[in-house]
Amino acid sequence: MTEQKAVRWEKGEDGIVVVTLDDPGRSANTMNERYVAAMDECVDALVADKENITGVIVTSAKKTFFAGGDLDAMSTATAADAPAYMEQTAVVKRQFRKLETLGRPVVAAMGGTALGGGLEIGLACHHRIGLDAKGVVYGLPEVTLGLLPGGGGVVRTVRMLGIANAVMNVLVQGQRHKPAKALEIGIIDELAATPEEMLDKARAWIAANPDAKQPWDQPGYKIPGGTPSNPKLASVLPAFPANLRKQLKGAPMPAPRNILAAAVEGTQVDIETAFRIEARYFTELVTGQVSKNMTKAFFYDLQAINGGKSRPDGYEKWQPTKVAVLGAGMMGAGIAYVCALAGWDVVLKDVSPEAAQKGKAYSEGLVAKGVERGRTTQEKGDALLARITPTDSYADLAGCDIVIEAVFESVELKHRVFQEAAPHLAPDALLCSNTSTLPITELAKGVDRPADFIGLHFFSPVDKMPLVEIIRGEQTSDAALAKAFDVTLGIKKTPIVVNDSRGFFTSRVIGTFLNEGVAMLAEGIDPQTIEQASAQAGYPAPVLQLMDELTLTLPQKIRNESKAAVQAAGGTWDPHPAEQVLDRLVEAGRPGKSGGAGFYDYADGRRTRLWPGLRTELGATNHDVDLHELSERMLFVEAIETQKCFDEGVLTTDADANIGSIFGIGFPAWTGGVVQYVEGYPGGVAGFVARADELAGKYGSRFTVPESLRSRAAEAA
Ligand code: NAI
């Protein structure tokens, strides 16, 4: 038996070798140099001893079977590292190939999560057994980090599942699947309830399959669904790139395209050549900018946030027992649902029993849908609904240890409902407001305990949107912040923490994006072209469509308040070019989707077409524009406003800005978030500033970068 290596192996009396992945001193196994060297030695030892071996079981001593590629190394890879990556993937693939052609049955006993490189180890085995346990997931999520599975994952899934299934359902989706789903998809062959049962099943499979071979190493093997030379597949294949483009909405994400290319090209050659093709596409991604952006946001930033970087130290983890939700409208109804889903009792209060019941009906609808689609059981759904008590009486709030207010957006009303609720709540109840625009410090003036008052800003629809923006008012205590943080994690959302300001971070920054789109209309640019520019930048919803959803009167109201504040302070209001267009639409009775008309026409609440008046009355007919520049303008105004948020102390960490921008307001994922967009811009911060100066010269002061950014650019130069 070998010691102190990242891979150890031991042969039992039955001739079965148990290979254990166990990188010493590390919490998880990753595909680092230690692992690669140890696995090389292990595989060579197996080959040398194969006459005396009955079979092999690959297992892990860690909680996670295998964590995947070494992201620390990958996140700094440059074009100069390309040959090293080609070589490294070749080594790994040689190991895997030796394993699957050993001539003895090899079983992966994956008793913990196996993602990416972890699952690729499994794919190189003849049989994969998964553990049917809570929290265990299997999948190839590389695409979510801007990468592709470069350890043979593309080649083998395509040969197992066929091009269409592997590409469209596994590789491009990049989902993490629960064990039962992984079995259904076919990336796992069998499930076990316990690690012991898993080993028993592995031994039984070896006994029953002494001559195991991969399907593709058997005579007469054909790729399921055929290769591109098959007329049936050839007839549908041309639609794949179009489908991909539709899914990506034109966003500059190279990974899905490379996945498709590696898959298609790989089916037309022998497996060794297919591996080399896969390696080439992988290397292009790993040394490129988008994978760095996405790894920064979706791995490092998320890990920092969920690891509690913004949670004050020294406070015990807190769980509410009974939640009061004030206002059962669109937001209150969603908040009640996610709290009940977390297992907490919820009192949902509105002005009448009917209004409160209407709010609960939202949860009833979600539960019914969940049961119908097999996502939950009737029993669990009923239990969830039983936890929500709709009411119009404050007396029902007795004993609530947290209140989340979601009544209309009015300071007076919000002050009043907190005062009315106060006598009924637990004496130290956490006081949260879901306001999207009103300063938290101002709202806290209406309560007796401002230290316990905090902003808990949800996004619509609450059950789907992954972010909560926690806003610290001037008097908010650390204890209240720690509790708000725990509540957010308790409902399985990602918390970002910001300091108070009008519109905080998210509402303020998204406002600049929306205004930029509308300003383009004021310049006479055709609305369809504007929508296309936002889609091409990678925004999930086209800008004018989103403006309609959020209503045109909201920015009008915010602008009037800001204008009044500026003028009251003796300043001069610098009007934004979007203002005239918004005013004109509202005057024309087109306040947005909820009003039945906006930039689009609607019939029965459904969007039918862009309003022809944009062209005929506003004269927005110009198609002859630089689409890339339009996209950049949208991204730049958001990035510049974000820098202002840092300067004013609203934001304090890049992670909050990056994750908040992607999860909360749809900043394109390929950028890695609004700060990473600036860092990763060609030429870095200096390149961004130079381009912003060009845009400021053409379009005005909203593209003027703050001095703080200019000096960072100078430092970097
Ligand atoms: P909504 O108009 O759908 O619901 C407001 C609800 O408050 C209504 O059901 C109303 O009857 C109720 N209400 C009014 N006075 C009340 C009282 N005295 N006691 C109890 N309930 C009372 O509004 P929506 O969209 O749910 O917004 C609520 C809050 O959430 C606002 O502050 C808004 O700014 C904020 N918000 C809204 C977002 C959105 O996308 N709509 C996103 C994030 C925050």
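Calculation criteria
Residues numbered from 1 in each chain as written. Predicted model: local features only at pLDDT ≥ 70, side-chain atom pairs only at ≥ 80, totals over all residues. Heavy atoms only, no water. Salt bridge = Lys/Arg side-chain N within 4 Å of Asp/Glu carboxyl O. Helix = DSSP H or I, 4+ residues; strand = E, 2+ residues; numbered from the N terminus. Buried < 20%, exposed > 50% of the residue type's maximum accessible area, 1.4 Å probe, protein only. Domains from an automatic or database assignment. Contact = heavy atoms within 4.5 Å. Buried area = accessible area lost by both parts, 1.4 Å probe. Polar contact = N/O pair within 3.5 Å; in protein donor to acceptor, adjacent residues only side chain to side chain. Near = heavy atom within 4 Å. Areas by Shrake-Rupley, 256 points an atom, 1.4 Å probe, with all protein chains shown as cover. Nonpolar A, V, L, I, M, F, W, Y, C, P; charged D, E, K, R; others polar. Pairing = 2+ DSSP bridges. Right-handed = clockwise from strand over helix to strand, strands pointing away.

Summed over all chains, the structure comprises 48 salt bridges. Close ionic contact of Arg691 with Glu632 constitutes a salt bridge, the shortest N to O distance being 2.6 Å. Of this pair, Arg691 sits in helix 29 (residues 684-699) while Glu632 sits in helix 26 (residues 627-647); the two residues are 59 residues apart in sequence, bridging distant segments of the chain. Exposure remark for Arg691: the relative accessible area of 13% places this residue in the buried category. In this structure Glu632 comes out as buried when scored by relative accessible area, which is 6%. Here the salt bridges share partners, and the residues they tie into one network are Arg97, Glu100, Arg156, Asp217 and Glu272.

Another aspect to go through is the domain arrangement of the protein. Segmentation of the protein into domains returns domain 1 (7-210 + 222-287), domain 2 (322-501) and domain 3 (507-716). When each unit is reduced to the centre of its C-alpha atoms, the spacing between domain 1 and domain 3 is 42 Å. Tallying the contact residues gives five residues for domain 1 and eight residues for domain 3. Together domain 1 and domain 3 conceal approximately 450 Å² of surface at their shared face, both sides included; 67% is due to carbon and sulfur atoms. The interface formed by domain 1 and domain 3 holds zero salt bridges in total. Run the count over domain 1 and domain 3 and you get zero residue pairs in polar contact (both at pLDDT 80 or more).

A separate point is the site of the ligand. Met331, Asp350, Glu409, Lys414 and Ser436 are the nearest of the 21 residues found near the ligand. Met331 is positioned with one of its backbone polar atoms (N or O) 2.8 Å from an oxygen atom of the ligand. When the ligand is considered free in solution it has 840 Å² of accessible area, and contact with the protein chains removes 79% of it. Elements represented by at least two residues in the shell around the ligand include exactly helix 14 (330-341) and helix 17 (411-421). If you tally residues by element for the shell around the ligand, the top one is helix 17, at three residues. For the shell around the ligand, a count of residues per class yields 10 nonpolar, seven polar and four charged.

Another aspect to go through is the pairing of strand 15 (residues 430-433). Here strand 15 shows two buried faces, one formed by Leu430 and Cys432 and the other by Leu431 and Ser433. Strand direction decides the pairing type here: strand 14 (residues 402-405) and strand 15, joined by four bridges, are parallel. Residue pairing in the sheet places Ile404 in a bridge with Cys432 of strand 15. Handedness of the crossover joining strand 14 and strand 15 through helix 17 is recorded here as right-handed. Of the strand pairs in this sheet, strand 15 and strand 16 (residues 453-457) are connected by three bridges, and their pairing is parallel. Across the sheet, Leu431 pairs through a bridge with Phe453, a residue of strand 16.

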